[in-house]
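# Structural overview for review
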Amino acid sequence: MGPSTRADEPLNAPVTPVQSSSLAGANASAIGSGPVKVGLILPLTQGAGQSAVGQSMRNAAELALSEAGSSDITLLVKDDRSTPEGARESTRAAIGEGAELILGPLFAGDVRAAAEVAHGAGKPVIAYSTDMSVTTKGVYLLSFLVESYVDRIVDYAASRGKKSIAVLAPENDYANVALGALQQAAAKHDMRVAAIERYRPGAAKEAASKIAALRDQIDTLFIPEQASAMADVSRALATNGLDSRAVQILGTGLWNDARVLNLPALQGAWFASPENAGFMGFAQRYRAKFGADPTRVATLAYDSVSLVAALARTQGARRFSEDVLTSATGFNGADGVFRFRPDGGNERGLSVLQVNNGSTVVVSPAPRSLTGA
């Protein structure tokens, strides 16, 4: 699940054959043949070519329905062409074919377009964007939200006695959202935000030197940065004597990436993330069925289809009502437990991982239940 609107960036059972009107090609119009129809709006194409992300999500949806062993659902798969207009047309077509609920799209602008159509028809949406600004009544996000990462990692740091935090953040939208969440989470735990230093892409060295000057006044350093940029940030940290022996470094789930886990200055750093075991199990079953590796966001399609199949099987006519979708007990998926909030956001059971010589160690396991949280 990445943070941007154009690069946004989970029920185990034996695989059984899936019923499908057509399993060939990226644009198969339906998966399954049950009476409950659900639209699945995906970026199957982008520009003139197919989208690997969209195809991986479609495959994950097929896997989920086959594992659900249910004949209740027909997935109406539609290509939004990675455009708002395509999302609008696809949603209108799915609803016209009887869809009771819309799954997707992935990108924020496309979600807005799809939600407008769905709202007009009185149909709920479970979308995959990480941009909370797209939520409206009846539009829920099943994605990895930066706000959840920040709440979890700050909560854990506070539980370990951390009192004063500095922030080293790029000048981008993801960091803007992370900073807002960080300030709220720090206030909740009476943690002092000692400094916030921003930097342009590839220019973290000067900002890191300003953080280093405060080393004796802080015990924690939060860096809401993408995995692809962390090599440069790691060099800036090392140049200024900043590592987790000097100050505890914190990050988000974007760091659960091989490009981060070997960086010298990041050894011992903590970040919030879904535990890896669920995705690894999903990926193994996906490879067995499709002969390829899934994209990381494929679990979003898998989990949403698993969820609607279970609700169709157990909840009768109430299956996609607001009170069912926002159940306080939540749901279980490949990436752990999750629940939708009435405002359209979500809460996830996240673990805290520590960077350890190219891999990770779980220092705080993900909760198995959200009841009472």
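Refer to the structure above for everything that follows.
For the structure given in this document, a descriptive report is provided here. (Residues numbered from 1 in each chain as written. Predicted model: local features only at pLDDT ≥ 70, side-chain atom pairs only at ≥ 80, totals over all residues. Heavy atoms only, no water.)

## Regarding the packing of aromatic side chains
On inspection of all chains with the given rule, the structure shows eight aromatic pairs. Ring centres of Phe279 and Phe282 lie 6.0 Å apart, and the angle between their planes is 45°; this geometry places the pair in the tilted category. Of this pair, Phe279 and Phe282 both sit in helix H9 (residues 276-290), separated by three residues, roughly a single helical turn. Judged by relative accessible area, Phe279 falls into the buried class, the value being 17%. Phe282 sits in the buried class, given a relative accessible area of 0%. When the ring of Phe338 is compared with that of Phe340, the centres are 5.8 Å apart and the planes differ by 70°; the resulting orientation is edge-to-face. One aromatic cluster is present, formed by Phe279, Phe282, Tyr286, Phe290 and Tyr302 through successive ring pairs. (Phe/Tyr/Trp six-rings, centres within 6.5 Å; stacked < 30°, edge-to-face > 60°. Helix = DSSP H or I, 4+ residues; strand = E, 2+ residues; numbered from the N terminus. Buried < 20%, exposed > 50% of the residue type's maximum accessible area, 1.4 Å probe, protein only.)

## Considerations on the sheet that holds strand E2 (residues 36-42)
Pairing within the open sheet is mixed, and its six strands lie in the order E1-E5-E2-E6-E7-E8. Unpaired on one side and paired on the other, strand E1 (30-31) and strand E8 (139-141) mark the two borders of the sheet. The pairing of strand E6 (residues 101-103) with strand E7 (residues 125-127) spans two bridges and is parallel. Residue Leu103 lies in a different strand from E7, and its bridge partner there is Ile126. Along the sheet, helix H2 (residues 84-96) makes contact with E2, strand E5 (73-79) and E6, crossing E5 at roughly 155°. (Pairing = 2+ DSSP bridges. Contact = heavy atoms within 4.5 Å. Axes fitted to C-alpha atoms, helices over the stretch in contact; angles between N-to-C directions.)

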